Amino acid sequence: MTTPFCVFESAARRYGERTALHGTTLSLESGRVVGVAGPTGAGKTTFARLAAGFVAPSSGRVLLGGEPAMQARAHEGIGYLPDELPRGWRCTVRLLLEMRGLHQPTLGSDAVIDILGLSDLADTPLHVLSKGQWRMALAAYAALGPSRLLVFDEPDSGLDPTALRRMRALITACRDAGSLVLVLSHQLTELDAVCDQLLFIGGGRVLRSVTAAEREGRSVADLYHETLS
């Protein structure tokens, strides 16, 4: 039996009087792509940030590899592609990836650069990249850590069809290297393309978990509307 890597035990997160995520209990295994779907404000990003150890639960526990997520993050390795794209770094794509790649990457830097087609952009300053190019560079940065957990928040945003195909390939490669990959997206066709398991979140609650075997050929869109309508 496979030991779950990410475990929520009655985990909830509150911000003042507002509950962003109600008590949640579930387990997620390594070597899977887990799609997280739900309407805007449903609690998807809060769920992902709890899983990654960026925030602590207000009650309950979130464990990575058997440790509290906020502690495990220091040595388990977390890769995070945010939905919003701050550009605080003043360097080239090459330097950005070299800084990240120093830390025993799960995937080698050459493999990531090849998958995402970033070779021609290596010496380009970050601040002149297009939105799609910047997202690809940040995806490479996320994937180049010793990451047993990766979170891709709206990875398809701003990508042309070729870049979208490359992003899918990166997500699949990270899964095949043994990482647990969480993909948050409003584009249900993208979740159809890459996910082994689906979580549907609404009103701050995980309403349903569906594995590939349980889908029985149904699309993510059909399951989404069935669960959230």
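Scroll up to find the structure this text is about.
In this report, the structure presented in the accompanying data block is examined. Worth saying up front: this structure is predicted, and the values here are computed from it rather than measured.

### So, the overall build of the protein
Thinking step 1. Per the secondary structure count, the protein includes nine helices and 10 strands.
Thinking step 2. In terms of overall dimensions, the protein is globule-like: its C-alpha atoms have a radius of gyration of 17 Å, near the 17 Å expected for 229 residues.
Thinking step 3. With 229 residues in all, the protein has 48% of them scored as buried.
Thinking step 4. Taking all contacts inside the protein whose residues are at least 6 apart in sequence as the whole, residues at least 24 apart take part in 70%.

### Details of the layout of surface pockets
Thinking step 1. Of the voids in this model, the largest pocket is the one considered here, and its volume is about 420 Å³.
Thinking step 2. Taken together, 21 residues form the lining of the largest pocket, with Lys-44, Thr-45, Thr-46, Asp-83 and Asp-153 sitting closest to its centre.
Thinking step 3. Elements supplying a minimum of two residues to the lining of the largest pocket: strand E2 (18-28) and helix H1 (44-51).
Thinking step 4. Here the lining of the largest pocket is built from residues that sort into five nonpolar, nine polar and seven charged.

### Overview of the sheet that holds strand E6 (residues 78-81)
Thinking step 1. If you walk across this open sheet you meet the six strands as E6-E7-E8-E3-E9-E10, and the pairing is mixed. The open sheet has two edge strands, E6 and strand E10 (205-211), and neither has a second partner. For this sheet the average axis-to-axis angle between neighbouring strands, irrespective of direction, equals 15°.
Thinking step 2. Summarising the sheet, strand E9 (residues 197-202) and E10 pair through six bridges and their orientation is antiparallel. The partner of Phe-200 across the bridge, within E10, is Arg-208.
Thinking step 3. Against the sheet, H1 touches strand E3 (32-37), E6, strand E7 (149-153), strand E8 (180-184), E9 and E10, its axis set at about 160° to E8.
Thinking step 4. Lying over the sheet, helix H5 (residues 131-143) contacts E6 and E7, oriented at roughly 170° with respect to E6.

### Remarks on the pairing of E3
When a strand is regular, its side chains alternate between the sheet's two faces.
Thinking step 1. Of all six residues in E3, five are buried, a share of seventy percent or more.
Thinking step 2. Both E3 and E8 contribute to a ladder of five bridges, which runs parallel. By the bridge assignment for E8, Val-36 is matched with Leu-184.
Thinking step 3. Two strands pair when backbone bridges link them, and E3 and E9 are joined in this way by four bridges, in the parallel orientation. Directly across from Ala-37, in E9, lies its bridge partner Phe-200.

### Focus: H1
Thinking step 1. Counting buried positions along H1 gives six out of eight residues, so the element sits mostly inside the fold.
Thinking step 2. Backbone geometry just after H1 places Gly-53 at a positive phi near 80°.

### Here's the deal with unusual backbone geometry
Thinking step 1. Not every positive phi belongs to a glycine, and Glu-154 is a case in point at roughly 50°.
Thinking step 2. Tracing the sequence through the fold places Glu-154 in the loop between E7 and helix H6 (161-176).
Thinking step 3. We classify Glu-154 as buried; its relative accessible area is 9%.
Thinking step 4. Non-glycine residue Glu-216 carries a positive phi angle of around 55°.
Thinking step 5. Relative to the assigned elements, Glu-216 resides in the loop between helix H8 (212-215) and helix H9 (220-228).
Thinking step 6. Taking relative accessible area as the criterion, Glu-216 reaches 68% and is therefore assigned exposed.

Thresholds applied
Residues numbered from 1 in each chain as written. Predicted model: local features only at pLDDT ≥ 70, side-chain atom pairs only at ≥ 80, totals over all residues. Heavy atoms only, no water. Helix = DSSP H or I, 4+ residues; strand = E, 2+ residues; numbered from the N terminus. Rg over C-alpha atoms; globule rule 2.2 N^0.38 Å. Buried < 20%, exposed > 50% of the residue type's maximum accessible area, 1.4 Å probe, protein only. Contact = heavy atoms within 4.5 Å. 1 Å grid on protein atoms, 1.4 Å probe; cavity = no way out; pocket = protein on both sides within 12 Å on 5 of 7 lines; lining within 4 Å. Points joined across faces, edges and corners; volume = space filled by probe spheres on them. Nonpolar A, V, L, I, M, F, W, Y, C, P; charged D, E, K, R; others polar. Pairing = 2+ DSSP bridges. Axes fitted to C-alpha atoms, helices over the stretch in contact; angles between N-to-C directions.

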